[in-house]
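# Inside the fold
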Amino acid sequence: MSATPEPYVGPTSSSPVTHHILSVLVENKAGVLARIAGLFARRGFNIYSLAVAPAEGHARFSRITIVVDAETTPLEQIVGQLDKLVNVVAITDLAPRDAVERELLLATVSYESDTRTAVLDAVASAGASIVDVDAGAVTIMLAGTPAACDQFERRLESFASVELHRTGRVALSRLGSQKN
Amino acid sequence: MELTGAQALIKSLEQQGVDVMFGLPGGAILPVYDPLIDSTIRHILVRHEQGAGHMAEGYALATGRPGVAMVTSGPGATNIVTPIANAHMDSTPLVVITGQVASGSIGTDAFQECDITGITSGITKHNFLVSSASELPRIIAAAFHLATTGRPGPVLVDVPKDIAQSKMEWWWPSTIEELDLPGYRPNVAVDEDAVARAAALIASAERPVLYVGGGTLKSRASAELLAFAERTGIPVVTTLMARGAFPDSHPQHLGMPGMHGFYTAVTAMQRSDLLISLGARFDDRVTGRLDGFAPDAKIIHVDIDKAEINKVRRADVALIGDVREMLTALDAATSTPTSLDAWWRQLRAWQEEFPLTYDEPTTDGPLRPQSVIEAIARQAAPGTIVASGVGQHQMWAAQHWKYEEPGTWINSGGAGTMGFGVPAAIGAKVGRPDRTVWTIDGDGCFQMTAQELVTARAEGIPIKVAILNNAYLGMVRQWQEMFYDERYSEVYLSPDLPDYVKWAEAMGCVGLRATSHQDVDRVIAEANSVHDVPVVIDFRTDASEKVFPMVPSGATNDDIVVHPRQRGGNA
Ligand SMILES: Cc1ncc(C[n+]2csc(CCOP(=O)(O)OP(=O)(O)O)c2C)c(N)n1
Ligand SMILES: [Mg+2]
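Time to look at the coordination of the magnesium ion (ligand 2). Residue and element names in this part refer to chain B. Within the protein, the magnesium ion (ligand 2) binds to Asp443 (OD), Asn470 (OD1) and Tyr472 (O); these donor distances fall in the range 2.0 to 2.1 Å. When the donor residues of the magnesium ion (ligand 2) are listed from N- to C-terminus, their spacing reads D-x26-N-x1-Y. The pair Asn470 / Tyr472 is uniform in exposure class, with both members buried.

As structure tokens, this is what we get:
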């Protein structure tokens, strides 16, 4: 699901600290994602990544994790406009230091006999796992912090033919940090 | 009790106390038009769906109650998009019901299918696509609740044809909880701490101004505003959306601010050290170039929509909530500013030097539009409602008529929708049949929606229309004259094509014309003597007349351009 005016471009850990994570609880109704995407598009707010899933086992609500750019638009304005959407139930603003963030990376890497070991080394040292194998190619999964995913992505760049997909972040408040 | 979805929809509207709706039927909405025959609700059959939307807006603005419109799917729905956008910009409560193709056909490009909830998602407060007949009562109740509470606005309900035809067991939600709006919490508690900080700012202000916006009318806060203003002695300006919120005749009223505002209203805001914004949103038409707007002013921003706070101008104190409640809280907390004598001396000097003015009418030349408006006002009964289109005539109507009470000025502010005047006046007259309703219209605007005078005649809605016929898209002509070296590009309309008198007569209205100054009072008197059918007057006005004062686009409010006669190096 792409709601981004700009596509997701590369490393997030090196991206500015003005990135904020909004954890948005929404009613699980038809068209809600379109309403949110439409709001961001028409108000010129930037989305870096967006992840959606049913919330806490509810059929009634979904949780959307949106990484926004709070430099081009003040966060207060983004939150204020988002909050006006009738289907938006609650918004938690997670400053990166107050959040536990994780992302999933899947990559299919082809190898020759001479690069096979290097690929397997990369997998092992990043703590990634192999989830699919074929002659001359493996599909690798890494679940980790955005920084770990960035690092792993850079590492994989040295190999030939890499197909890579990242989910975008999901996040929850760090235990002991203040929710707002 | 078993009902069809269509019956349940009409019954739900009755439950909401709807007495009138504006619309035009078609295939997808046909099932709903059937039970309408047996309903107490009056339906006004328009000639174009845009008319239905603007009539519903006029009704809402004149009465404070939500306007209701109903149209069919596809082109019927897209024809009402402009009024929905207009209502969204001006926070006018509307409930718009659209027919939709049968649920099973949605997504197949069926005949007259269009994704109206998608199209209107950015220009409604919320919209619904109904998925079963049994949820219709809840959705209609929710639509009215959303449209009328918090910051009001338009809500659209899209009803697939099969759902209107299917059966349901009648029920009616008895609590807000049953509306199932877990994400909607319009009410905020008064922040006493913020009230105290606002009170402190007010107490120490030397040049305060009450900047009154449309939200003051929406929250019905006129009485509280009057009490607060009189107790504190603070001067008042009312924006284009707030005309009538504070009496124009009141000595503390400086008039309208903004691009075509009164010199003193504009300049008072510029020189102010404290702006108390009441349901206003620092619109670009009020602020002019933002970085030069009211440079010394602290801001107390009162608004029920918290997204308005700090959107355009940083607030020193934000009071989130209903204007009326906040004014009451402020009034309880505020001590009066120490002395505003010096401020008032300055304001009175500006008023003296730069009153609203225009060139005297000549006996033989074309009419002065401003003097036509004043002539209508002189003969108008107190409480007369004025609607307008968009353009020069709108600005003159906002400037030269004296608005004394809420609901007497009906216009399109945020969107600036040409063609708003005639249908909005019809809606206002339907809502307030006891009042005289005049439309001050432009020749360009009139041509956009005049067909609704057929509706007005057929339905017995006797409005009065004054066309300030300058043969031009005058406002655009003014910009071309002032900023494009008098290079007039596609703005000429002709004074007598169409023949407005004959057109009026063809629509069953009385048509009158005034070409010279001597005709004006007589023709207005004649219009006022007609009570049963609509009247249209073709006033032949001076095409070269311009609206002053004017803050040129992109300039700061310090660069306000006054009437040529007032320019001797002072301005
Ligand atoms: C639907 C629409 N189209 C175009 C415009 C741009 N516009 C603003 S004022 C104006 C001229 C209006 O002409 P008229 O109704 O004759 O009024 P006048 O300015 O001459 O009093 C135009 C074209 C608009 N506001 N709305
Ligand atoms: Mg004109």
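The rest of the description comes next.
Time to look at the packing of aromatic side chains. Residues and elements named next belong to chain B. For the structure shown, the criterion picks out 13 aromatic pairs over all chains. Look at Phe22 and Tyr59: their rings are 6.3 Å apart centre to centre, the planes differ by 65°, and that puts the pair in the edge-to-face class. Here the residue Phe22 occupies a position in strand β2 (residues 20-24), and Tyr59 occupies one in helix α3 (residues 49-63), the gap between them amounting to 37 residues. With relative accessibility at 0%, the residue Phe22 sits in the buried group. Residue Tyr59 is classed as buried on the basis of its relative accessible area of 3%. Here Phe282 and Phe293 contribute two aromatic rings whose centre-to-centre distance is 6.2 Å and whose plane-to-plane angle is 80°, an arrangement assigned as edge-to-face. Taken together, the positions of Phe282 in the loop between β12 (274-278) and α13 (284-287) and Phe293 in the loop between α13 and β13 (298-303) put the pair eleven residues apart, joining distant regions of the chain. The two residues Phe282 and Phe293 agree in class, both being buried. Each member of the aromatic cluster is reached from another via a ring pair, and the members are Tyr211, Phe282 and Phe293. The positively charged end of Arg477 is found above the aromatic ring belonging to Tyr472, 4.8 Å away from the centroid.

Below, the discussion takes up the interface of chain B and chain A. Taken together, the contacts link 20 residues of chain B with 17 residues of chain A. Both faces combined, the contact of chain B with chain A buries some 1500 Å², and carbon together with sulfur accounts for 41% of it. On the chain B side of the interface with chain A, the three residues burying the most area are His126, Pro182 and Ala307 of chain B, jointly 28% of the side's total. Counting the contacts that link chain B with chain A gives four salt bridges. Ionic pairing is found between Asp180 of chain B and Lys29 of chain A, a salt bridge with its closest N-O pair at 3.8 Å. Where chain B meets chain A, there are seven residue pairs in polar contact (both at pLDDT 80 or more). Each residue belonging to the side of chain B that touches chain A can be placed in one class, and the counts come to six nonpolar, six polar and eight charged.

Take the pattern of salt bridges next. If you walk through the whole model with that rule in mind, you get 35 salt bridges over all chains. Here Arg166 of chain A ties to Asp150 of chain A by a salt bridge, and the two come within 2.9 Å at their closest N and O atoms. In this pair, Arg166 of chain A is assigned in strand β8 (residues 162-166) and Asp150 of chain A in helix α4 (residues 146-156), connecting sequence segments 16 residues apart. Through salt bridges that share partners, Lys84 of chain A together with Arg151, Asp305, Glu308 and Lys311 of chain B make up one connected network.

Moving on, we come to the sheet that holds β2 of chain B. Residues and elements named next belong to chain B. Across the sheet, which stays open at both edges, the six strands sit in the order β3-β2-β4-β5-β7-β6 with parallel pairing between neighbours. In this open sheet, the two edge strands, each paired with only one partner strand, are β3 (42-45) and β6 (126-129). Ignoring which end each strand starts from, the neighbouring axes of this sheet average 20° apart. Relative to strand β7 (residues 154-160), strand β5 (residues 94-100) runs parallel, the two being bridged by seven bridges. Each bridged residue has a counterpart across the sheet, and for Leu94 the counterpart in β7 is Pro154.

Residue and element names in this part refer to chain B. Near ligand 1, the surroundings consist of 16 residues, among which Gln392, Gly416, Asp443, Cys445 and Gly474 are the closest. Within the side chain of Asp443, one N or O atom sits 2.6 Å away from an oxygen atom of ligand 1. Considered on its own, ligand 1 offers 580 Å² of accessible surface; in the complex 75% of this is hidden by protein. Breaking the shell around ligand 1 down by element, the ones donating at least two residues are α17 (392-400), α19 (443-449) and α21 (474-483).

Take the environment of Thr63 of chain B next. Residues and elements named next belong to chain B. Inspection of the secondary structure assignment puts Thr63 in helix α3. Relative accessible area serves as the criterion here: at 15%, Thr63 is assigned to the buried category. Measuring from C-alpha to C-alpha, the distance between Thr63 and Gly427 comes to 9.8 Å, with 364 residues separating the pair along the chain. Sequence-distant contacts of Thr63, that is, excluding residues within four places in its chain, are made with Arg220, Gly431 and Arg432. Within polar-contact distance, the side chain of Thr63 engages the backbone oxygen of Tyr59 at 2.7 Å. There is a polar contact of 3.0 Å between the side chain of Thr63 and the backbone nitrogen of Arg65.

What counts, and at which threshold
- Residues numbered from 1 in each chain as written.
- Chains lettered and ligands numbered in written order.
- Predicted model: local features only at pLDDT ≥ 70, side-chain atom pairs only at ≥ 80, totals over all residues.
- Heavy atoms only, no water.
- Donors = N, O, S within 2.8 Å, 3.2 Å for Na, K, Ca; no water.
- Buried < 20%, exposed > 50% of the residue type's maximum accessible area, 1.4 Å probe, protein only.
- Phe/Tyr/Trp six-rings, centres within 6.5 Å; stacked < 30°, edge-to-face > 60°.
- Helix = DSSP H or I, 4+ residues; strand = E, 2+ residues; numbered from the N terminus.
- Lys NZ or Arg CZ within 6 Å of the ring centre and 35° of its normal.
- Contact = heavy atoms within 4.5 Å.
- Buried area = accessible area lost by both parts, 1.4 Å probe.
- Salt bridge = Lys/Arg side-chain N within 4 Å of Asp/Glu carboxyl O.
- Polar contact = N/O pair within 3.5 Å; in protein donor to acceptor, adjacent residues only side chain to side chain.
- Nonpolar A, V, L, I, M, F, W, Y, C, P; charged D, E, K, R; others polar.
- Pairing = 2+ DSSP bridges.
- Axes fitted to C-alpha atoms, helices over the stretch in contact; angles between N-to-C directions.
- Near = heavy atom within 4 Å.
- Areas by Shrake-Rupley, 256 points an atom, 1.4 Å probe, with all protein chains shown as cover.

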